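Here is what each chain is made of, one letter per residue.
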Amino acid sequence: MLRFDPGEDRVRSARNFRVWEGGGEYNVARGLRKTFGRRTGVLTALPDNELGALALDLIGQGGVDASEILWRTYDGIGRSTRLGLNFTERGFGLRGALGVSDRANSAASQIAPDDFDWDRLFGAGGARWLHTGGIFAALSEKTAEAAVVAVQSARRHGVMVSYDLNYRASLWDSHPSPDAARRINQAIVAECDLLFGDEFGLAACLGMDLSTLEPRRTPMDDGPPHAAARAVFETFPQLRAVAYTLREPKSASVNAWQGVLEGRSARWVSTLRPSVELLDRVGGGDAFASGMIEGLLEGGTPQRAVDLATAHGALAMTTPGDNANVSAAEVETAVLGAPALTRR
């Protein structure tokens, strides 16, 4: 999508918008590329018009491989296909962030299961990791089927799979099948190695009854897996880990922030940051995901992975736009808890 950001203004009264590219999976790929130097690519579709060209240019600036992008014929008015738009206010103090989506009939929502050559993408010499999310899966019946086929193919080829539940009721409620969220998410998670999601997402997307369990609260300490994680592991025996952030808003501008990685036999947590000052909260969760994936790809300890993820997510919220505009060195400094001194 393209994000239109009114800066300090409201959408309803803005006269200028700053334009960013964004999207859950893309944000993760861009973070892995720009912050950590990993080679990444994006599987999506764009309309063959000037907005599609703008999105392509922004993706190129992010260093993400765009060679697999599908181009859809533009009909001159956007009736059959268009580029999804998202108008997002950052929020401040008592006024929370606000998102207004305008994405019906987007090119991405029309992606079908057979649009990509999955065996080529995940076969010998192909991708090492696939990351996808619940927003893409919820866009349409076609994208739901495409997400399931993608994760099944990746797993068949031994590719690591991560999935962000990222539950959006407004998307799933418009699905023709009332049971779609549970059925489709269960099929996807059954192929995953790493799952990103909190209790609300687990209950809404996977149909799990967690009402009797003690909720996860900030701060959390190292220890055995939380009961919610154990319940997920029992249901999905192939799953290796569950990761999530604990965010306690003190205002739209200041949040307590902590990251957690749950394994089958242990839990690892980051240092609690009790007062993270936010410039733009959008994309913090995606930056957390890219930091987690980087930590696991580099072969470090689970503690290293959750520390990288939490620091990257916190830094992403200090810059405007959906993506982290920081360096690996800045992430390492944040991991160590060093003060934000001026560098000259």
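Reading the values: the criteria
Residues numbered from 1 in each chain as written. Predicted model: local features only at pLDDT ≥ 70, side-chain atom pairs only at ≥ 80, totals over all residues. Heavy atoms only, no water. Helix = DSSP H or I, 4+ residues; strand = E, 2+ residues; numbered from the N terminus. Rg over C-alpha atoms; globule rule 2.2 N^0.38 Å. Buried < 20%, exposed > 50% of the residue type's maximum accessible area, 1.4 Å probe, protein only. Contact = heavy atoms within 4.5 Å. Areas by Shrake-Rupley, 256 points an atom, 1.4 Å probe, with all protein chains shown as cover. Lys, Arg positive; Asp, Glu negative; His and termini not counted. Charge placed at Lys NZ, Arg CZ, Asp CG, Glu CD. Axes fitted to C-alpha atoms, helices over the stretch in contact; angles between N-to-C directions. Parallel < 35°, antiparallel > 145°, perpendicular 65-115°, else oblique. Left-handed = near helix turned anticlockwise from the far one by under 90°. Nonpolar A, V, L, I, M, F, W, Y, C, P; charged D, E, K, R; others polar. Core = buried A, V, L, I, M, F, W, Y, C linked by side-chain atoms within 4.5 Å.

Caption draft 1: Inspection of the overall build of the chain at higher detail. Scanning the chain from N- to C-terminus turns up 12 helices and 13 strands. A compact globule built from 344 residues would reach a C-alpha radius of gyration of about 20 Å, and the chain, at 19 Å, matches this within 12%. With respect to the three principal axes, the spread of C-alpha positions in the chain is 55 × 45 × 40 Å. In the chain, which comprises 344 residues, the share counted as buried stands at 51%. Sequence-distant contacts in the chain: of pairs separated by 6 or more residues, those separated by 24 or more amount to 67%. A total of about 16,000 Å² of accessible surface is found on the chain, and carbon and sulfur atoms cover 51% of it. Distance between charge centroids for the chain: 3 Å, based on 37 positive and 42 negative side chains.

Caption draft 2: Here's a closer look at the environment of Pro320. Among the secondary structure elements, Pro320 is positioned in the loop between α11 (302-316) and α12 (328-335). Looking at Pro320, the relative accessible area reads 19%, which means it is buried. Distance in space between the C-alpha atoms of Pro320 and Asn105 is 27 Å, their sequence separation being 215 residues. Apart from residues lying up to four places away in sequence, Pro320 is in contact with Asp5, Arg18, Trp20, Arg90, Leu279, Asp280 and Asn325.

Caption draft 3: Up close: the packing of α11 against α12. Axis separation between α11 and α12 bottoms out at 9 Å; the angle between their running directions is 110 degrees. Between α11 and α12, the angle is such that the two are roughly perpendicular. As for the relative orientation of α11 and α12, their crossing is right-handed in sense. In contact with Arg304, Asp307, Leu308, Ala311, His312 and Leu315 of α11, α12 contributes Glu330, Val331, Glu332, Ala334 and Val335. Looking at the contact of α11 with α12 residue by residue, the class counts come to 6 nonpolar, 1 polar and 4 charged.

Caption draft 4: Quick look at the environment of Gly285. Position of Gly285 relative to the elements: it lies in helix α10 (residues 284-297). Gly285 sits 269 residues away from Asn16 along the chain, and the two C-alpha atoms are 27 Å apart.

Caption draft 5: Examining the nonpolar core more closely. Ranked by internal contacts, the top residues of the largest apolar core, which has 52 residues, are Tyr163, Ile188, Leu195, Leu202, Leu206, Val232 and Leu239. Element by element, the count of residues in this core is highest for helix α5 (residues 141-156), at 7 residues. When near neighbours in sequence (up to four residues on either side) are disregarded, Leu239 contacts Cys192, Asp193, Leu194, Leu195, Val232, Phe233 and Arg264. The next biggest cluster of nonpolar side chains, apart from the first, holds 25 residues, and it includes Leu261, Ala289, Leu308 and Val326.

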